[in-house]
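Observations on chain architecture
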Number of protein chains: 4
Amino acid sequence: MAKANRKNGIPKKIGILTAGGDCPGINAAIRGVGKTAIVKYGMTVIGISDGFAGLIHKEFFELTESHLSGILTLGGTILGTSREKPFKGTGKKKEEFRKPMLIKEHYEQIGLDCLVCIGGNGTMKTAYMLAEGGLNVVGIPKTIDNDIWGTDVTFGFDSAVNIATEAIDRLHSTANSHKRIMVIELMGHNAGWLSLYSGMAGGGDLILIPEIPHDEKIIMDYLQKRADNNKPYSIVVVAEGINVPDGESSPGRYLARRIQEVTGLETRETVLGYIQRGGSPSPMDRVLASRFGAAGANLIAKGDFGRMVAHRNGEITSVKLSEVAGKTKLVSADDPMVKQAREMGTSFGDC
Amino acid sequence: MAKANRKNGIPKKIGILTAGGDCPGINAAIRGVGKTAIVKYGMTVIGISDGFAGLIHKEFFELTESHLSGILTLGGTILGTSREKPFKGTGKKKEEFRKPMLIKEHYEQIGLDCLVCIGGNGTMKTAYMLAEGGLNVVGIPKTIDNDIWGTDVTFGFDSAVNIATEAIDRLHSTANSHKRIMVIELMGHNAGWLSLYSGMAGGGDLILIPEIPHDEKIIMDYLQKRADNNKPYSIVVVAEGINVPDGESSPGRYLARRIQEVTGLETRETVLGYIQRGGSPSPMDRVLASRFGAAGANLIAKGDFGRMVAHRNGEITSVKLSEVAGKTKLVSADDPMVKQAREMGTSFGDC
Amino acid sequence: MAKANRKNGIPKKIGILTAGGDCPGINAAIRGVGKTAIVKYGMTVIGISDGFAGLIHKEFFELTESHLSGILTLGGTILGTSREKPFKGTGKKKEEFRKPMLIKEHYEQIGLDCLVCIGGNGTMKTAYMLAEGGLNVVGIPKTIDNDIWGTDVTFGFDSAVNIATEAIDRLHSTANSHKRIMVIELMGHNAGWLSLYSGMAGGGDLILIPEIPHDEKIIMDYLQKRADNNKPYSIVVVAEGINVPDGESSPGRYLARRIQEVTGLETRETVLGYIQRGGSPSPMDRVLASRFGAAGANLIAKGDFGRMVAHRNGEITSVKLSEVAGKTKLVSADDPMVKQAREMGTSFGDC
Amino acid sequence: MAKANRKNGIPKKIGILTAGGDCPGINAAIRGVGKTAIVKYGMTVIGISDGFAGLIHKEFFELTESHLSGILTLGGTILGTSREKPFKGTGKKKEEFRKPMLIKEHYEQIGLDCLVCIGGNGTMKTAYMLAEGGLNVVGIPKTIDNDIWGTDVTFGFDSAVNIATEAIDRLHSTANSHKRIMVIELMGHNAGWLSLYSGMAGGGDLILIPEIPHDEKIIMDYLQKRADNNKPYSIVVVAEGINVPDGESSPGRYLARRIQEVTGLETRETVLGYIQRGGSPSPMDRVLASRFGAAGANLIAKGDFGRMVAHRNGEITSVKLSEVAGKTKLVSADDPMVKQAREMGTSFGDC
């Protein structure tokens, strides 16, 4: 690991970048790192534009306290982001395989003593690889999917649960007035946390997530039985990553069509889409992001590199990037929350 | 027009039904009619279930003050609704062409002195036809589309504008962080009011509505020019009723695909869907719906049938159903608001 | 009236200031004026800081398009505001009585062709006086009180109704759970519009406003009768401007105390305070403010000075400042909305 | 401890009561207990009215599945609540000292096998005392104060943080526009959790809580210094339980007055009041309350009485009521969150 230039033993110039999909709370995290680094440690803070692309193309600017003022409540990221994955090059095209080297070169040219990478699973993996390549790196986890290994929770998740639940709340009144089945498709390619939490918070009758394989016959029987028992409507919450036949672009649309075909019950779908990722972070996400940011700055000050800040057992702590990289935190089929939802009558389409 | 049974000259038994798509504020309107009818006039109020279907199948119950308590803020309709259009029968099937007659028969059997029809354009047309057939009818307009002729505004619209604008607000942060074009498709088969208002409230750069035919080339040039001028992102608001090629099920999805193909700019779409119609009504919709309801009860008390309550020039008034039936209130291409939006730099895709 | 310097007959440099209490939508109005003035007319736009104080102290800066970007949804005013009333000087202190002359002097020094004054009743009066003194002035009305004469509605009002109604909604659950009377005091020194609308939207049982003198005995009897009729709780909405005994600083606190003393019913009060004026404007306020702003720029372009933009009978129009100055739009005791609220069972404490 | 009547070894009749101040999520908890008890275990569930008062006066009714439908999102408590503390009698008045015995008597008469007590610190203490007296009791913690010992978090807290933070957000725009200091007083007699979280989430500059004694001089110096450094405004978040001079009824009002007197800076206060406890629970509170409810039913089924359900280290678990009773969970002055807030520049008025 690179030795940091230090002022009284403390790194004096750090960079921050935000990579992957945006989510609420990123700016609060930038502010948390920045304020602590500047106010407490007197560091210089460099904002890298548009994720790893900014390091490849050397686009950056100094983040001063005035940049950090008023961004606590702001959605998105003031630094911009991109899906650039520098290690995903083919190894054949020069402009591709040179990216990691360019990052290292520019890191040194800018004179960074540490790079803070705010992002999701992919970003943590890249951060780990850069750390292995000799950069001082600190990771800060963010995602609305809550699927980052090593931390109990990530910021962005609470905001997304709020948005998704509000949408489910709205569907109840329409479902009830028209005696319809309403299917809502939420984000979550691999992990069903968002659907699980929003589904429970919104009183979903059926919750389908990638981790719990469903059986269409069971779904149809369950919905038919509800109708037979004079439940006038049903709410079906579906994570976008559940298994559907090839060629179906949206599991929500697919399922709504199938339910109506098979049961004859009037069914409509809503694909909630990008609004799940946007807007001002929830208060709890602002707190978590601020604390993650502050914790990141403290790790740097201690020279404790190659780690990701985390929230575990109610405390802000950190884990090695090497433990996190390449893993995903999924919903277990016997998660206590799944069990409790079942006990209250919710079906997961599997039995 | 039928002569009302009156107690001291005032009708003593009235029915209420809610028909067509649900929207926020219907329950507030039911409460407005019911409370005024019961508290002020001592009428008996009958709730008809599921729109005109309830009159055809004779499903109804007495609405007492306790039914009306706590529903002011409730989304949907406590009476249920349906898309039943009793005059749309073929004239060939007996069970179809008999519907209007069944409605009249059951109206008389229940002993109604007036029927309050809460609904949209279709409902107002049916209400008019029933009035012509001898029933005492009062219409109360509701729709999130704001397209009912004869009234400046309908309840449901303000709530829908709130929901749609909040969604657009959320898209801004994602669009900005990723430098993307975000296309959002809103409800509105015929009328563009919702897209016009939400688009202006949400700072939409391009607003496409059915009333103003757009030209794809102009759209592409406009978006390209914004990108060339270093505007990092654009928000495109699209009403679902705009003209797109045959076979395209969603204009939002179609346009997003086209924009990316033609301009090469990264583009994503969101189809907001049913959440636009659900949930608790906005305060202003509660006020408007309550006032419409109270005004409806007052019309009945005066024996002023065959009319729809309306909001015109800042006042609650009423218009003849015969003037309303079969018409739609559309956005005019030279509406002052369209003009002002243009002056502030918004494009409607037409020039 | 001063003759404007014009470029092709159009004023080329205009100033904007915001005065009096802040409210949601001011920034949208600034943006509406600015965008239209710059994009459509090519004017130079000067932002004056902190209301009339900024003209007295010559504090200003050029507002460019980049200042106007992203402020549509922002609460407060980017220009700052103050309670400075330049004509309220004693006539004895030089620094006081010279203010109007300083304003005129600086207006000319800056080279303004017109001054846009965004504010409430007090601001419109000052704007009128400046117009009489030879300045080209256009007024844009804003207030959460909705009490500006000459316009059916002002921006800020809808947002405040939303906030106040949400608060009343919250009080319902506490009132119901504890079987309490909840008194909520809302803003409104002279006009009861906010209490009237929020009270109706929130299902207030008793609404007290300055325009309708109340009788404490009637209030107590009304609340006692509700309790006797097994209504488990009551919501009392009070405008801060209602008449209470001398020395009582808060009518809400006073009334809550009195109600509990006289009726013995458990009673609690909430004084909602400044949150009624803050935060992002509602979508409808953004639309209204944007349109008022655009209309203001259009008035200037036509050289139509000495007027206030207004919303009348569903249209954006304008009225002479001379007709507006010094007047207040109050709730009439026989306002149709008051009548309808009474018909649905609401009391105004007067009979 | 009493031996439960069991059907196949499982208690067959349980009672639920809700006591103390209401808060968002209580109905979700009632639903969680009730649904699990009925659906999974086939128990009969009795709702006791108005807290312990309902057991004293024998007011109760059977809670069926239809009572539990639609209450997940509802604020307050469908059972009603009261401040009745049955063990707080003087020992002199017969009607007072007999209360615990009446509770036992009626518990037996109704034929309860277990009593679920949903409430805060006071309720958990009473629950413990009843358990000691031989009743089968399970406690479920609720409070917006988050001060119940033995659980990391309680439902109600997240909702209250949301409401308080939204209020602080609104104050920012007014504070900024008028260059004022805004003081906001939040609930929290003993514990400062709500002020700490909302203050951090809302970007409060100064956070005053009961657990960290403040020094007025330090407060004044801090605010003056901010003003001197051209920070145009400051937000001061104050828990209602902080120390102020005798006779001052509201610390928020007191401090605002003092700040203005001492610093001369314009200062306003807002006392947020009861809206912090009302309205629909946040999604996360609905999840937590549902899970607490389900966990409570599971404890009963296992005959595991005398315990309170809890959330510890990310898991739903339970603790002995004997460990909880009489304790309060306060903010420690060296809580990591306090430390991080300081590092980002927030003052707690103590140094």
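Owing to the predicted nature of the structure, the values given are computational and were not obtained by experimental measurement.

Focus: the overall build of chain A
When helices and strands are tallied, chain A shows 13 helices and 13 strands. Principal-axis analysis of the C-alpha atoms gives chain A an extent of 75 × 45 × 30 Å. Looking at the 351 residues of chain A, the share that counts as buried comes to 63%. Excluding contacts between residues fewer than 6 apart, the proportion of contacts in chain A whose partners are at least 24 apart in sequence is 72%. Accessible area of chain A: about 12,400 Å², with a carbon and sulfur share of 46%.

What to know about the relation of the copies chain C and chain D
Placing chain C over chain D gives an RMSD of 0.0 Å and needs a rotation angle of 180°, together with 0.0 Å of translation along the axis. The superposition of one copy onto the other is thereby described by a two-fold rotation axis. In this assembly the copies share their binding face: 100% of the residues contributing to the interface of chain C also contribute to that of chain D.

With respect to the domain arrangement of chain A
All names here are of chain A. Under the domain assignment used here, chain A contains domain 1 (6-155 + 281-324) and domain 2 (159-277). Taken over C-alpha atoms, the centre of domain 1 sits 35 Å from the centre of domain 2. Surface buried jointly by domain 1 and domain 2 totals about 880 Å² across both partners, of which 49% is contributed by carbon and sulfur atoms. Of all residues in domain 1, D22, I144 and D145 bury the most surface against domain 2, accounting for 52% of the area lost on that side. One can count 1 salt bridge joining domain 1 with domain 2. Notably, a salt bridge pairs R277 with D22, separated by 3.1 Å at the nearest N-O pair.

Some points on the interface of chain D and chain A
If you look at the interface, chain D gives 37 residues, while chain A gives 37 residues. The contact between chain D and chain A buries some 3,100 Å² in all, and 58% of this surface belongs to carbon and sulfur atoms. Contact with chain A buries area across many residues of chain D, yet R291, E343 and M344 of chain D alone supply 22% of it, more than any other trio. Residues R286 of chain A and D169 of chain D are paired through a salt bridge, measuring 2.8 Å at the closest nitrogen-oxygen approach. Where chain D packs against chain A, one counts 10 residue pairs in polar contact (both at pLDDT 80 or more). Of all the elements in the fold, those that place two or more residues in the side of chain D that touches chain A are helix 1 (26-40), helix 7 (157-178), helix 8 (193-201), helix 11 (283-301) and helix 13 (336-343) of chain D. Of the residues forming the side of chain D that touches chain A, the biggest block, 9 residues, is contributed by helix 11 of chain D.

Looking at the side chain of S173 of chain B
The residue S173 of chain B is located in helix 7 (residues 157-178) in this model. The exposure class of S173 of chain B is buried, given its relative accessible area of 11%. A polar atom in the side chain of S173 of chain B sits 3.0 Å from the backbone oxygen of R170 of chain B. Discounting residues that sit within four places of it in the chain, S173 of chain B has contacts with D22, G75, G76, G278 and G279 of chain A.

Some thoughts on the environment of A191 of chain C
Residues and elements named next belong to chain C. Of note, A191 is situated in the loop between strand 8 (181-186) and helix 8 (193-201). Classification of A191 as buried rests on a relative accessible area of 2%. When the C-alpha atoms of A191 and T328 are compared, they prove to be 8.2 Å apart, with 137 residues separating the residues in sequence. Excluding anything up to four places from it in sequence, A191 contacts D145, D147, P210, E211, K329 and L330.

Concerning helix 11 (residues 283-301) of chain A
Residues and elements named next belong to chain A. Its 19 residues place the ends of helix 11 27 Å apart at the C-alpha level, agreeing with the 27 Å of an ideal helix rising 1.5 Å per residue. In terms of burial, helix 11 is a largely internal element, 19 of the 19 residues being buried. Following helix 11 by one or two positions, G303 has its phi on the positive side, about 70°.

Digging into the side chain of Q340 of chain B
If you trace the backbone, Q340 of chain B turns up in helix 13 (residues 336-343). Not counting residues up to four positions away in its chain, the partners in contact with Q340 of chain B are M200 of chain B together with R291, A294, A295 and I316 of chain C.

Quick word on the state of the cysteines
All names here are of chain B. Summed over all chains, the structure comprises 0 disulfides over all chains. With no disulfide partner, C117 has as its closest neighbouring cysteine sulfur the one in C114, 8.2 Å distant. Judged by its relative accessible area of 0%, C117 is buried.

Section: the pairing of strand 7 (residues 137-141) of chain D
All names here are of chain D. With 5 of 5 residues buried, strand 7 lies mostly within the body of the structure. The alternating pattern of strand 7 places V137, G139 and P141 and V138 and I140 on opposite faces, both of which are buried. Note that strand 6 (residues 114-119) and strand 7 share 5 bridges and pair parallel. Bridge pairing in strand 7 links C117 to G139. Handedness of the crossover joining strand 6 and strand 7 through helix 6 (residues 121-132): right-handed. Inspection of the sheet shows strand 7 paired to strand 12 (residues 307-312) by 2 bridges, in the parallel sense.

Here's the deal with the relation of the copies chain D and chain A
The operation relating chain D to chain A is a screw motion whose rotation component is 180°, with 0.0 Å of axial translation and a residual RMSD of 0.0 Å. When the interface residues of chain D are mapped onto chain A, 100% of them again fall at the interface, so both copies present the same face.

Comments concerning the interface of chain C and chain D
The interface of chain C with chain D comprises 33 residues on the first partner and 34 residues on the second. Around 2,500 Å² of area is buried between chain C and chain D when both sides are counted, 50% of it from carbon and sulfur atoms. Contact with chain D buries area across many residues of chain C, yet R170, Y274 and I275 of chain C alone supply 27% of it, more than any other trio. Applying the counting rule to chain C against chain D returns 2 salt bridges.

Some thoughts on the packing of helix 8 (residues 193-201) of chain A against helix 11 of chain D
Look at helix 8 of chain A against helix 11 of chain D: their axes get within 8 Å of each other, and the N-to-C directions meet at 80°. The angle between helix 8 of chain A and helix 11 of chain D places the two elements in the roughly perpendicular class. Across from Y197, M200 and A201 of chain A in helix 8 of chain A, the residues of helix 11 of chain D making contact are P283, M284, R286, V287, S290 and R291 of chain D. Its residues placed into classes, the contact of helix 8 of chain A with helix 11 of chain D shows 6 nonpolar, 1 polar and 2 charged.

With respect to the sheet that holds strand 7 (residues 137-141) of chain A
In a beta sheet, neighbouring strands pair by backbone hydrogen bonds and run either parallel or antiparallel. All names here are of chain A. In spatial order, the strands read 5-4-3-6-7-12-13; together these 7 strands make up an open sheet with mixed pairing. The sheet is open, and its two borders are formed by strand 5 (60-62) and strand 13 (315-320), each paired with just one other strand. Averaged over all pairs of adjacent strands, the angle between strand axes in this sheet comes to 25°, irrespective of strand direction. Of the pairings in the sheet, the one linking strand 3 (residues 13-18) to strand 6 (residues 114-119) comprises 5 bridges and is parallel in character. Bridge pairing links T18 to I118 in strand 6. Along the sheet, helix 1 (residues 26-40) contacts strand 3, strand 4 (44-48), strand 6 and strand 7; its crossing angle with strand 3, the most-contacted strand, is approximately 175°.

Quick notes on the arrangement of the chains
At the level of C-alpha atoms, the two units chain A and chain C stay apart, their nearest approach being 11 Å. At the level of C-alpha atoms, the two units chain B and chain D stay apart, their nearest approach being 11 Å.

Quick notes on unusual backbone geometry
Positioned with a positive phi, D50 of chain A is a non-glycine residue whose angle comes to about 55°. Position of D50 of chain A relative to the elements: it lies in the loop between strand 4 and helix 2 (52-56). Phi angles above zero are rare outside glycine, and K179 of chain C is one such case at about 55°. Looking at the element boundaries, K179 of chain C is found in the loop between helix 7 (157-178) and strand 8. For K179 of chain C, a relative accessible area of 35% translates into the label partly exposed.

Things to note about the sheet that holds strand 5 (residues 60-62) of chain C
All names here are of chain C. The strand order across the open sheet formed by 7 strands is 5-4-3-6-7-12-13, and the pairing between neighbours is mixed. Single-partner strands in this sheet number two, and they are strand 5 and strand 13 (315-320). For this sheet the average axis-to-axis angle between neighbouring strands, irrespective of direction, equals 25°.

Basis of the calculations
- Residues numbered from 1 in each chain as written.
- Chains lettered and ligands numbered in written order.
- Predicted model: local features only at pLDDT ≥ 70, side-chain atom pairs only at ≥ 80, totals over all residues.
- Heavy atoms only, no water.
- Helix = DSSP H or I, 4+ residues; strand = E, 2+ residues; numbered from the N terminus.
- Buried < 20%, exposed > 50% of the residue type's maximum accessible area, 1.4 Å probe, protein only.
- Contact = heavy atoms within 4.5 Å.
- Areas by Shrake-Rupley, 256 points an atom, 1.4 Å probe, with all protein chains shown as cover.
- Least-squares fit on C-alpha atoms with pLDDT ≥ 70 in both.
- Domains from an automatic or database assignment.
- Buried area = accessible area lost by both parts, 1.4 Å probe.
- Salt bridge = Lys/Arg side-chain N within 4 Å of Asp/Glu carboxyl O.
- Polar contact = N/O pair within 3.5 Å; in protein donor to acceptor, adjacent residues only side chain to side chain.
- Expected span 1.5 Å × (residues − 1).
- Disulfide = S-S within 2.5 Å.
- Pairing = 2+ DSSP bridges.
- Right-handed = clockwise from strand over helix to strand, strands pointing away.
- Axes fitted to C-alpha atoms, helices over the stretch in contact; angles between N-to-C directions.
- Parallel < 35°, antiparallel > 145°, perpendicular 65-115°, else oblique.
- Nonpolar A, V, L, I, M, F, W, Y, C, P; charged D, E, K, R; others polar.

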